[in-house]
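Breakdown of the fold
As a plain string of letters, each chain reads:
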Amino acid sequence: TATTQQLESFGIYLRIKASNDNNPDTFNDYYTKAVSCYQTALERSGNPFYRNYLANVYEQWAKKFHQNEDYENAVAKAKQAYEWVPSATYKQLVEEVGKK
């Protein structure tokens, strides 16, 4: 069983892999696995800081969809970021990634 630190590190690794990939088939897989790592770390540790990691993954994912002109999925991921951390930054992200 992985420790929360190992899950965090693997999540970071997966986010880096996703950021360097423009193929939706593979970057979706990386982001999905990163989310799983951070959700498991949050559940095991109860540390609310992992909510920030989750919001950051969804932000990065939203921007990747926007870059690929997939605005519908970009908005959906931005909304998920906002759900994890309801801040003005993520609210603005929802508006920004919906624009062509």
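Criteria and thresholds
- Residues numbered from 1 in each chain as written.
- Predicted model: local features only at pLDDT ≥ 70, side-chain atom pairs only at ≥ 80, totals over all residues.
- Heavy atoms only, no water.
- Phe/Tyr/Trp six-rings, centres within 6.5 Å; stacked < 30°, edge-to-face > 60°.
- Lys NZ or Arg CZ within 6 Å of the ring centre and 35° of its normal.
- Axes fitted to C-alpha atoms, helices over the stretch in contact; angles between N-to-C directions.
- Helix = DSSP H or I, 4+ residues; strand = E, 2+ residues; numbered from the N terminus.
- Parallel < 35°, antiparallel > 145°, perpendicular 65-115°, else oblique.
- Left-handed = near helix turned anticlockwise from the far one by under 90°.
- Contact = heavy atoms within 4.5 Å.
- Nonpolar A, V, L, I, M, F, W, Y, C, P; charged D, E, K, R; others polar.
- Core = buried A, V, L, I, M, F, W, Y, C linked by side-chain atoms within 4.5 Å.
- Buried < 20%, exposed > 50% of the residue type's maximum accessible area, 1.4 Å probe, protein only.
- Lys, Arg positive; Asp, Glu negative; His and termini not counted.
- Salt bridge = Lys/Arg side-chain N within 4 Å of Asp/Glu carboxyl O.

1. Regarding the packing of aromatic side chains
- Following the criterion strictly, the structure yields 9 aromatic pairs and no others.
- Through pairs of rings, three or more aromatic residues link up here, namely Phe27, Tyr31, Tyr58, Trp61 and Phe65.
- The side chain of lysine 64 reaches across the aromatic face of phenylalanine 27, ending 5.8 Å from its centre.
- Positioned over the ring face of tryptophan 61 is lysine 77, at 3.9 Å from the centre of the ring.

2. Structural notes on the packing of helix H3 (residues 49-67) against helix H4 (residues 71-84)
- Viewed as axis vectors pointing N to C, H3 and H4 meet at an angle of 165°, and their least axial separation amounts to 8 Å. Between H3 and H4, the interaxial angle falls into the category roughly antiparallel. Our pair here, H3 against H4, has a crossing hand that is left-handed. Contacts from Arg51, Leu54, Ala55, Tyr58, Glu59, Trp61, Ala62, Phe65 and His66 of H3 reach H4 at Tyr71, Asn73, Ala74, Lys77, Ala78, Gln80, Ala81, Glu83 and Trp84.
- Across the contact of H3 with H4, the residue classes break down as 11 nonpolar, 3 polar and 4 charged.

3. Quick look at the nonpolar core
- Counting 29 residues, the largest nonpolar core has Tyr38, Val57, Trp61 and Val97 as the members making the most contacts within it.
- At the level of secondary structure, the elements contributing two or more residues to this core comprise helix H1 (4-19), helix H2 (24-45), H3, H4 and helix H5 (88-97).
- With 9 residues, H3 is the largest single contributor of residues to this core.

4. Overview of the side chain of lysine 77
- Position of lysine 77 among the secondary structure elements: in helix H4.
- Salt bridges are absent for the buried lysine 77, whose nearest opposite-charge side chain, aspartate 70, sits at 9.5 Å.

5. So, the side chain of aspartate 21
- Of note, aspartate 21 is situated in the loop between H1 and H2.
- For the buried aspartate 21, no salt bridge is present, and the opposite-charge side chain at shortest range is lysine 64, 6.5 Å distant.

6. Concerning the pattern of salt bridges
- Considering all chains together, one arrives at 2 salt bridges under this definition.
- For lysine 33, the salt bridge identified is with aspartate 29, shortest N-O distance 3.1 Å. Of this pair, lysine 33 and aspartate 29 both sit in helix H2, 4 residues apart, which is roughly one turn of that helix.
- Note on lysine 33: relative accessible area 41%, which makes it partly exposed.

7. Topic: the packing of H3 against H5
- The geometry of H3 relative to H5 is characterised by a closest axis approach of 10 Å and an angle of 15° between their N-to-C directions. As the angle between them shows, H3 and H5 are arranged roughly parallel. The handedness of the crossing between H3 and H5 is left-handed. Residues Ala55, Asn56, Glu59, Ala62, Lys63 and His66 of H3 touch H5, and the partners they reach there are Tyr90, Leu93, Glu96 and Val97.

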